[in-house]
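Structural overview
If you want the building blocks of each chain, they are given just below.
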Amino acid sequence: MSPVDKIGDRRIDLAWLMLVLLSVGGAGIGSADANAVLVAVGVSLVMAIKLRLVCTYFLELHEAHPRIRRAVLAFCHGMPILVTLTTAFGDTLSRLTGALIG
Amino acid sequence: MTLAVSLPPTVPTTAPAPLPAQPGAGRIPGSKAMWVGIFCEITEFALLFAVFFVARAHHPEAFQAGPERLSLLAGTGYTLMLLTSGWCVARALHAMRRGDRRATVRWMLAGFVFGLGYPAIKVFELQRNFALGLDGSAGVFIVSYYYLTFTHLVHVFWGLLGMMWVIVRTGLGAYTPEEHSGLEAFACYWHVTDMIWLMIFPLFYLLG
């Protein structure tokens, strides 16, 4: 195995280790006795970091076609933002969608 | 009498070599068809997430109390199984790129075993849930939970079937360091399915 291959494998290993640590450590955030919006921000941050790690080191999105890269990153960045926004502005969302639910 | 047949000298006998990619243009990992499927999957889950957010906005108390009703241990277990399976698949792809077919098969088999951990934990979690009365009539949080996680489970099953196919093909020598788009296409699907779980997990097990 060439040194370049070893470095590539080492990066994947480190990314996996980070993901495991964030998953185990991040599980404690939900049980934190804090403001709901603060908990949502913490959970969203951990989610965003984990998604970014998977996109970069597992999916190798930086090498992908720009359209694929942009679409997947929009999904990955949009989700943590929506988690925070819908927690902070749940009442507004409820009012806006009230007509749909009936 | 002889019959002479002459071909025009300009007819090419082999396919033209692909043009080199322009810097920064990127490439389509795996295959176009797989990315059509992946974007269908992303669209499907985006709609389900939208339903989740609206239901949560209308029933904040039910969603606030929801995570305490589920097993955080099971949720963390799913996450670790899928992440480790994804790591094995990424290592398998690297092994194939350097031409190590045996290592590719070994990493893929390890990825399959960890992937099987997901439905295995699901069996135990469902037994626990049903014993606690958490079925389809247990409220909006549990219904949303089953809707999203069962849909994800279906995608994991497709992935496990795909992984079996790719392992067999790798073992038969169908992929080479130069041409392994099938293996790469599967890896893309599996990582995206993994990413979607990383979104589902905090919604139900942490956030409420």
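Notes on the structure follow. Because the structure is predicted, anything quoted here is derived from the model rather than measured.

Right, let's talk about the overall build of chain A for a bit. The secondary structure content of chain A amounts to four helices and zero strands. When the helices and strands of chain A are listed from N to C terminus, the series reads α-α-α-α. Relative to the globule expectation of 13 Å for 102 residues, the C-alpha radius of gyration of chain A, 18 Å, shows a markedly less compact shape. In terms of overall dimensions, chain A has a C-alpha envelope of 60 × 35 × 15 Å along the principal axes. Relative to its 102 residues, chain A shows a buried fraction of 42%. Long-range contacts, defined here as pairs at least 24 residues apart, represent 62% of the contacts in chain A between residues at least 6 apart. Averaging the locations of the 9 positively and 7 negatively charged side chains of chain A gives two centres separated by 8 Å.

A word on the interface of chain B and chain A. Taken together, the 41 residues of chain B in the interface contact 46 residues of chain A. Taking both sides of the interface into account, the surface hidden between chain B and chain A amounts to around 4000 Å²; carbon and sulfur atoms contribute 75%. Contact with chain A buries area across many residues of chain B, yet Phe53(B), Met195(B) and Met199(B) alone supply 15% of it, more than any other trio. Counting only elements with at least two residues in the side of chain B that touches chain A, the list comes to helix H1 (32-58), helix H3 (72-97) and helix H6 (181-207) of chain B.

What follows concerns unusual backbone geometry. Note: most residues except glycine have negative phi, and most peptide bonds are trans. The phi angle at Glu60(A) is positive, at roughly 50°, despite the residue not being glycine. In this structure, Glu60(A) sits in the loop between helix H2 (36-58) and helix H3 (66-88).

Below, the discussion takes up the layout of surface pockets. Its volume calculated, the second largest pocket comes out at about 230 Å³. Lining the second largest pocket we find Val4(A), Asp5(A), Gly8(A), Arg11(A), Ile12(A), Thr56(A), Tyr57(A), Glu60(A), His62(A), Glu63(A), His94(B) and Arg97(B). Contributing elements (two or more residues each) for the lining of the second largest pocket: helix H1 (3-26) and H2 of chain A together with H3 of chain B. A total of five residues in the lining of the second largest pocket trace back to one element, the largest contributor, which is H1(A).

With that out of the way, let us pick up a nonpolar patch on the surface. Residues and elements named next belong to chain B. A cluster of nonpolar residues, Val-154, Trp-158, Leu-161 and Met-164, forms a patch on the protein surface that exposes about 410 Å² of accessible area. By the secondary structure assignment, Trp-158 is in helix H5 (residues 140-171). Its relative accessible area of 52% is what places Trp-158 among the exposed residues.

Next up on the list: the packing of H2(A) against H3(B). Closest axis-to-axis distance for the H2(A)/H3(B) pair is 11 Å, and the angle between their directions is 20°. By the angle between their axes, H2(A) is roughly parallel relative to H3(B). Where H2(A) crosses over H3(B), the two elements pack in a sense that is left-handed. Touching Lys50(A), Val54(A) and Phe58(A) of H2(A) are Thr79(B), Leu83(B), Gly86(B), Trp87(B) and Ala90(B), all from H3(B). Among the residues making up the contact of H2(A) with H3(B), the classes are represented as five nonpolar, two polar and one charged.

Attention now goes to the nonpolar core. Counting 87 residues, the largest nonpolar core has Val72(A), Phe49(B), Met108(B), Met163(B), Leu203(B) and Phe204(B) as its most contacted members. Elements represented by at least two residues in this core include exactly H1, H2 and H3 of chain A together with H1, H3, helix H4 (101-131), H5 and H6 of chain B. The element best represented in this core is H6(B), accounting for 19 residues. With residues near it in sequence (within four places) discarded, Met163(B) still touches Ser85(B), Val89(B), Met108(B), Gly111(B), Phe112(B), Phe186(B) and Trp190(B).

Along the polypeptide, Arg67(A) turns up in helix H3. Overall, Arg67(A) belongs to the exposed group, its relative accessible area being 64%.

A full pass over the atoms with the stated rule returns 20 aromatic pairs over all chains. Ring geometry for Trp16(A) against Trp87(B): centres 4.4 Å apart, planes inclined by 15°, an arrangement best described as stacked. A residue pair is termed interchain when its members come from two chains, as with Trp16(A) in helix H1 and Trp87(B) in helix H3. With a relative accessible area of 14%, Trp87(B) lands in the buried category. For the cation-ring pair, Lys122(B) lies above Phe150(B), with the distance from its terminal atom to the ring centre recorded as 6.0 Å.

A word on H2(A). For H2(A), with 23 residues, the first-to-last C-alpha span of 32 Å sits near the 33 Å given by 1.5 Å per residue. Looking one or two residues past H2(A), Glu60(A) carries a phi angle of roughly 50°, positive in sign.

Thresholds, definitions, all that
Residues numbered from 1 in each chain as written. Chains lettered and ligands numbered in written order. Predicted model: local features only at pLDDT ≥ 70, side-chain atom pairs only at ≥ 80, totals over all residues. Heavy atoms only, no water. Helix = DSSP H or I, 4+ residues; strand = E, 2+ residues; numbered from the N terminus. Rg over C-alpha atoms; globule rule 2.2 N^0.38 Å. Buried < 20%, exposed > 50% of the residue type's maximum accessible area, 1.4 Å probe, protein only. Contact = heavy atoms within 4.5 Å. Lys, Arg positive; Asp, Glu negative; His and termini not counted. Charge placed at Lys NZ, Arg CZ, Asp CG, Glu CD. Buried area = accessible area lost by both parts, 1.4 Å probe. 1 Å grid on protein atoms, 1.4 Å probe; cavity = no way out; pocket = protein on both sides within 12 Å on 5 of 7 lines; lining within 4 Å. Points joined across faces, edges and corners; volume = space filled by probe spheres on them. Patch = residues over 30% accessible without salt bridge, like charges linked within 9 Å, V, L, I, M, F, W, Y side chains within 5 Å. Areas by Shrake-Rupley, 256 points an atom, 1.4 Å probe, with all protein chains shown as cover. Salt bridge = Lys/Arg side-chain N within 4 Å of Asp/Glu carboxyl O. Axes fitted to C-alpha atoms, helices over the stretch in contact; angles between N-to-C directions. Parallel < 35°, antiparallel > 145°, perpendicular 65-115°, else oblique. Left-handed = near helix turned anticlockwise from the far one by under 90°. Nonpolar A, V, L, I, M, F, W, Y, C, P; charged D, E, K, R; others polar. Core = buried A, V, L, I, M, F, W, Y, C linked by side-chain atoms within 4.5 Å. Phe/Tyr/Trp six-rings, centres within 6.5 Å; stacked < 30°, edge-to-face > 60°. Lys NZ or Arg CZ within 6 Å of the ring centre and 35° of its normal. Expected span 1.5 Å × (residues − 1).

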